[in-house]
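One letter stands for each residue in the lines below.
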Amino acid sequence: MIDIHSHFLSGVDDGAGDAETTFAMLEQAQECGIRHLVASPHVNEHTTEQAAARIRKVFDDTREQIQKNGLSLEISLGAEVAYDPALAGTYETGWPLSGGEKPWLLFELPMFELPAGIAEFIFTLGMKNIMPVLAHPERNLQIRKDAQQLVGWVHQGCLSQLDAGSITGQFGNSVMEFAWRLLRARAVHIVGSDAHEPKGRSYLVLKEAFEMVSEKLSEKYARLLFETNPQNLIEGRDIRRFSIDESELQENFSQKLLRKLKIIR
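Residues numbered from 1 in each chain as written. Predicted model: local features only at pLDDT ≥ 70, side-chain atom pairs only at ≥ 80, totals over all residues. Heavy atoms only, no water.

Caption draft 1: Here's a closer look at the pairing of strand β4 (residues 74-77). Side chains Ile-75 and Leu-77 of β4 all project onto a buried face; the interleaved residues Glu-74 and Ser-76 project onto a face where none is buried. Direction of pairing for strand β2 (residues 36-39) relative to β4: parallel, over a ladder of four bridges. Bridged to Ala-39 within β4 is Leu-77. (Buried < 20%, exposed > 50% of the residue type's maximum accessible area, 1.4 Å probe, protein only. Helix = DSSP H or I, 4+ residues; strand = E, 2+ residues; numbered from the N terminus. Pairing = 2+ DSSP bridges.)

What follows is the structure, encoded as structure tokens:
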């Protein structure tokens, strides 16, 4: 497997708190069959040059430790950028972009609202030949209420990255149910771990999610989401896209009733 979204760098965000935790995560990733990890520390408009330099140093130190301890993992440095429409025009080269000649940007939205300007943000990145990758759309409340917004962004060229924990139920039943609707609709391009620790939100969850998708849908589809598309993204090759089955995104009568009764969000 190849994981484009995880927080294993120590002391730079809410992921690994120290070097010992980082190494435990890296060992676990290798044991789970992960070949390549992209570090995606949280960054936003308040991330200073000093903070960015520290992230780079921690990354370099981590790569050195991987080599010293004989791990076979490959790592690269990216970021998980908090959405801000004003930032779209600032990303042209260098970190926090990933992917070299065909760069991509992983960005996240707030959990409970949809700020203005997202379509324009995606358009601006596309005009700069930067591939927008939306992290865990299934965890956004407004997208769960109206999946057509996500469909529109995908048609614009944005990629959809699902969290493994959403598939397994780590974030609750409503997120899990919606995640599986997205999978069945083929509205997902990549699954990432979003790992923060060696327990709980870990790489073990990525392995579990891979097995679940293989069993419930197909192993071919699972390998595409967990291996082929992530590798193609990192290497600058074309991503396999699908015709979205929008009928799978519609709530059934029971789900609509539960939502009206506020039993699910």
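Caption draft 2: How the structure looks around the packing of aromatic side chains. All chains considered together, the criterion is met by five aromatic pairs. Each ring, one from Tyr-221 and one from Phe-242, has its centre 5.7 Å from the other, and the planes form 85°; the classification is edge-to-face. Placement of Tyr-221 in helix α9 (residues 219-235) and of Phe-242 in the loop between α9 and α10 (253-260) is noted, with a sequence separation of 21 residues between them. By relative accessible area, which is 4% here, Tyr-221 ends up buried. (Phe/Tyr/Trp six-rings, centres within 6.5 Å; stacked < 30°, edge-to-face > 60°.)

Caption draft 3: View of the sheet that holds strand β6 (residues 104-108). One open sheet accounts for six strands, arranged β3-β5-β6-β7-β8-β9; its pairing is parallel. Each of the sheet's edge strands pairs with one partner strand only, and the pair in question is β3 (42-43) and β9 (190-192). Sheet analysis places β6 next to strand β7 (residues 131-135), joined by four bridges and oriented parallel. Its bridge partner lying in β7, Leu-106 is registered against Val-133.

Caption draft 4: Just helix α1 (residues 19-31), in detail. Taking 1.5 Å per residue, 13 residues should reach 18 Å; α1 reaches 18 Å between its end C-alpha atoms and fits that length. Residues of α1 that are buried in the fold lie against β2, α2 (49-68) and α8 (203-216). Residue Asp-18 occupies the N-cap position of α1, its side-chain oxygen lying 3.3 Å from the main-chain nitrogen of Glu-20. Immediately downstream of α1, the backbone of Gly-33 shows phi near 90°, a positive value. (Expected span 1.5 Å × (residues − 1). Contact = heavy atoms within 4.5 Å. Polar contact = N/O pair within 3.5 Å; in protein donor to acceptor, adjacent residues only side chain to side chain.)

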